[in-house]
Amino acid sequence: MEWQPDEQGLQQVLQLLKDSQSPNTVTQRAVQQKLEQLNQFPDFNNYLIFVLTRLKTEDEPTRSLSGLILKNNVKAHYQNFPPAVADFIKKECLNNIGDPSPLIRATIGILITTIASKGELQTWPELLPQLCNLLNSEDYNTCEGSFGALQKICEDSSELLDSDALNRPLNIMIPKFLQFFKHCSPKIRSHAIACVNQFIIGRAQALMDNIDTFIESLFALAADEDSEVRKNVCRALVMLLEVRIDRLIPHMHSIIQYMLQRTQDPDENVALEACEFWLTLAEQPICKEMLSGHLVQLIPILVNGMKYSEIDIILLKGDVEEDEAVPDSDQDIKPRFHKSRTVTLQHEGGEGEEGEDIEEDDDDDDDTLSDWNLRKCSAAALDVLANVFRDELLPHLLPLLKGLLFHPDWVIKESGILVLGAIAEGCMQGMVPYLPELIPHLIQCLCDKKALVRSIACWTLSRYAHWVVSQPPDSYLKPLMTELLKRILDGNKRVQEAACSAFATLEEEACTELVPYLSFILDTLVFAFGKYQHKNLLILYDAIGTLADSVGHHLNQPEYIQKLMPPLIAKWNELKDEDKDLFPLLECLSSVATALQSGFLPYCEPVYQRCVTLVQKTLAQAMMYNQHPDQYEAPDKDFMIVALDLLSGLAEGLGGNVEQLVARSNIMTLLFQCMQDTMPEVRQSSFALLGDLTKACFLHVKPCIAEFMPILGLNLNPEFISVCNNATWAIGEISMQMGTGVKQQTGDCPGAEMQPYVGMVLPHLVEIINRPNTPKTLLENTAITIGRLGYVCPQEVAPQLQHFIRPWCTSLRNIRDNEEKDSAFRGICVMIGVNPAGVVQDFIFFCDAVASWVNPKDDLRDMFYKILHGFKDQVGEENWQQFSEQFPPLLKERLSACYGV
């Protein structure tokens, strides 16, 4: 007997569906409770499918809603459905996939794919064959409904469909889909391409076997009159470019011609898909030879796509000039992610480099339209192409640029400024001759009457900040800074935001060049504090933190501290422990504390205490959650990470002064827990703090070493690059303290206290320094730590010398002279003394590393001298001559000048 609904039950369910469409919150709450009650009855789900598929007299929104509630039930408790109920639902879906209503067909399609993704593809063997059969139906609705369902299944389960688990249904499905590329209905052609497109990136075998048919079928649809079909054709070609460029190369000329047309498609969605083609092509090695001949057509098209569309201007409130008094709504504010602290070293010819594992993308010029659109895609494509073609792009661009930058229509002028910013990185060399004329023009655009012109001018100027700073300060830096500071106080929030971000970039480039203007800069930033709404306050913290990083100890002047600290501390007292606005404020204070050093002492006590409390609260909440996940929420560990990083900043800034704060708190116990946290970022920040506390107040770290060292050893796992990097650095700092501390007290063998731990860490360090593709930052820190361990425990480390000497030397040759490099090289010299044979094979690398020193301390220079001359005397004059013939001329010159060899 087929299941039949009870009339009274059916009326109840219909009433519930009607009520749930009411806007009244009280009614909504009652509906939720009723739903929970009804879910106790196993056949409630039968009623829901019955309303969706059989009650054709009801209105479509009610029927569709019934299906969506059923979908949520399937998601939540499908495994508890009685088999009879599950079978009834599956049968009803397949029998009604051709419902005359597009809304009902789509709802049934969603329901089918939800059941399928609950592991039912394996246990519903008739699903795919039946849907594929229904494609042949004469009835359009049935064909379209089945295709809609198949498209959703392909989207949700593409990997499973291409696996042995279902004995490879794609072998039948893909050829089947390809037949429908020629169907008379555009909707069905579009479904067919969309289905096949799901399998390109995963390189499904069944598609690869039919790749030529697929590409031919796409070409046949190139001029399709339906925009959805054209969009899917473009999307397919873009993905094929990544996955099977070999099959496209023979046709590349005509594909490029096609994409040039499509990038100008009247339908913006098609144009956007086509524009992705240039972004993807730019990443392929063959880009240059394939595109060179087409730049003359492509560049004007991309530039044209960079104008704001009318819709953009409406969405961006382009005619609202002043909105600074309008409070921000919470959804305007993107979630902030804190970047945990990574310890890096200073390099030759530049400030410390960011670790390569930390990618930053700051080229987003209009964030609030964060939906990807044609303007952004065109600008990104131009940016990447500028990096491929460099100055060869300029002959095609410069004639256009002049017309754009001075155009009376602000929309066109604005797009010209964006073009100028987009090419800044790739075409910098070729642009230099024009900058003395362009930069003043851009600075003038900062006062334009249109807010969107002022904001883009901020961004573009920040892209040329490096050049501005390289010129005499009065020429461009001073006028630019003056105008940017005015824009920070603009009446328009978008301009405030762009100006603050641009100013942060300028600070990074200018560093101490800003010192003469500090008073003026601080006045502006502090004034902005009282003026800004919520979202821009967060960016202002960043600008203040970057200022502190850039000018360092120059900020430690009573008049500057008096300006800056009161508003920061007022905010600090205003924010609750649960408020996420603490993140950027804590990051900002960390930079300020490091810069002010002793100047931060009056403020350190409450800041320190609160950080410890944040760590403690988070750990406690994590513990409760782990014991009773059903009763407690998981904590947001970012609070703990940011607090640990600010404690690092305090330890670094206050040095020995942090000692009494540490003495009066339980931070070492908390640190022991943080170092064992499951979340890598928490461990990363705890190891940075451990290293900073080791430098600042070792007497509190020392009693914990026996517990801490095994944990450090466990974290020397290069899978988590930043964790491994910071653990490595901390081990090096601990070795130095253990070594020097003992020497002073006892005159005993210096490494005695460190000896027991060498075996826990050295094998990992040697393995890491020899791994291919290890990021530079990690290699450098590993080399420093091996050197420091060897300095303190030469007897234990020197026997391994030949296993690490070569990569050790090559990774440290580009590091600036500094304390860390000094201690590491002392270690190497001591180890060579213990095991000279270990360095013989790679002595040329050692010579090169020694020559990288600009001015080593006298006693270190003596150590180098002794080793070089010892080796020379050992091998004899003639052998040394032969050996030094292999030296590059520069190396020969330096060694002879500095060490007389």
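Definitions and limits used
- Residues numbered from 1 in each chain as written.
- Predicted model: local features only at pLDDT ≥ 70, side-chain atom pairs only at ≥ 80, totals over all residues.
- Heavy atoms only, no water.
- UniProt positions renumbered as here; feature names shortened; annotations may be inferred.
- Domains from an automatic or database assignment.
- Helix = DSSP H or I, 4+ residues; strand = E, 2+ residues; numbered from the N terminus.
- Buried < 20%, exposed > 50% of the residue type's maximum accessible area, 1.4 Å probe, protein only.
- Contact = heavy atoms within 4.5 Å.
- Core = buried A, V, L, I, M, F, W, Y, C linked by side-chain atoms within 4.5 Å.
- Axes fitted to C-alpha atoms, helices over the stretch in contact; angles between N-to-C directions.
- Parallel < 35°, antiparallel > 145°, perpendicular 65-115°, else oblique.
- Left-handed = near helix turned anticlockwise from the far one by under 90°.
- Nonpolar A, V, L, I, M, F, W, Y, C, P; charged D, E, K, R; others polar.
- Polar contact = N/O pair within 3.5 Å; in protein donor to acceptor, adjacent residues only side chain to side chain.

If you check an unreviewed UniProt entry, the protein appears there as Transportin 2a from Seriola dumerili. The UniProt entry for the protein carries the following comment under Subcellular location (unreviewed entry): "Cytoplasm".

Caption draft 1: Spatial organisation of the domain arrangement of the protein. Taken domain by domain, the protein holds domain 1 (32–123) and domain 2 (756–900). Taken over C-alpha atoms, the centre of domain 1 sits 71 Å from the centre of domain 2.

Caption draft 2: Spotlight on the UniProt feature "domain: Importin N-terminal" (unreviewed entry) in the protein. Feature annotation in UniProt assigns "domain: Importin N-terminal" (unreviewed entry) to the following positions: residues 31–99. Structurally, residues 31–99 is divided into 71% helix and 0% strand, and its ends, taken at the C-alpha atoms, are 28 Å apart.

Caption draft 3: Just the environment of valine 233, in detail. In this structure, valine 233 sits in helix H13 (residues 227–243). Among the residues examined, valine 233 registers a relative accessible area of 1% and is labelled buried. On a C-alpha basis, the gap between valine 233 and asparagine 726 in space is 48 Å, while along the polypeptide they are 493 residues apart. Sequence-distant contacts of valine 233, that is, excluding residues within four places in its chain, are made with Ile193, Leu218, Leu221 and Tyr258.

Caption draft 4: Seen up close, unusual backbone geometry. Unusually for a residue other than glycine, glutamine 597 sits at a positive phi of about 50°. One non-glycine residue, asparagine 773, adopts positive backbone phi at about 65°. Looking at where asparagine 773 falls in the secondary structure, it is placed in the loop between helix H41 (755–769) and helix H42 (776–792).

Caption draft 5: View of the nonpolar core. If you look at the biggest cluster of nonpolar residues, it comprises 320 residues, and the most contacted ones within it are Phe214, Met252, Trp278, Phe600 and Trp808. When residues of this core are assigned to their parent elements, the largest contribution, 11 residues, is made by helix H34 (residues 638–654). In terms of domain composition, this core takes at least three residues from each of domain 1 (32–123) and domain 2 (756–900). Those residues within four positions of tryptophan 278 in sequence are excluded, and the remaining contacts are Ile256, Met259, Leu260, Thr263, Leu291, Leu298, Leu302 and Ala381.

Caption draft 6: Region of the structure containing the packing of H34 against helix H37 (residues 680–696). Close contact between H34 and H37 brings their axes to 9 Å; oriented N to C, the two are set at 15°. When the interaxial angle is binned, H34 and H37 end up roughly parallel. Viewed along their axes, H34 and H37 form a crossing whose handedness is left-handed. Residues Met640, Ile641, Leu644, Asp645, Leu647, Ser648, Ala651 and Glu652 of H34 lie in contact with H37, whose contacting residues are Glu681, Val682, Ser685, Ser686, Ala688, Leu689, Asp692, Leu693 and Ala696. When grouped by side-chain class, the residues that make up the contact of H34 with H37 number 10 nonpolar, 3 polar and 4 charged.

Caption draft 7: Looking closely at the side chain of arginine 189. Mapped onto the elements, arginine 189 comes out in helix H10 (residues 186–197). Residue classification places arginine 189 among the buried positions, given a relative accessible area of 7%. In this structure the side chain of arginine 189 is engaged in a polar contact, spanning 3.0 Å, whose partner is the backbone oxygen of histidine 183. Ignoring any residue separated from it by four or fewer positions in sequence, one finds arginine 189 in contact with Phe180, Phe181, His183, Cys184, Leu221, Asp224, Glu225, Asp226 and Val229.

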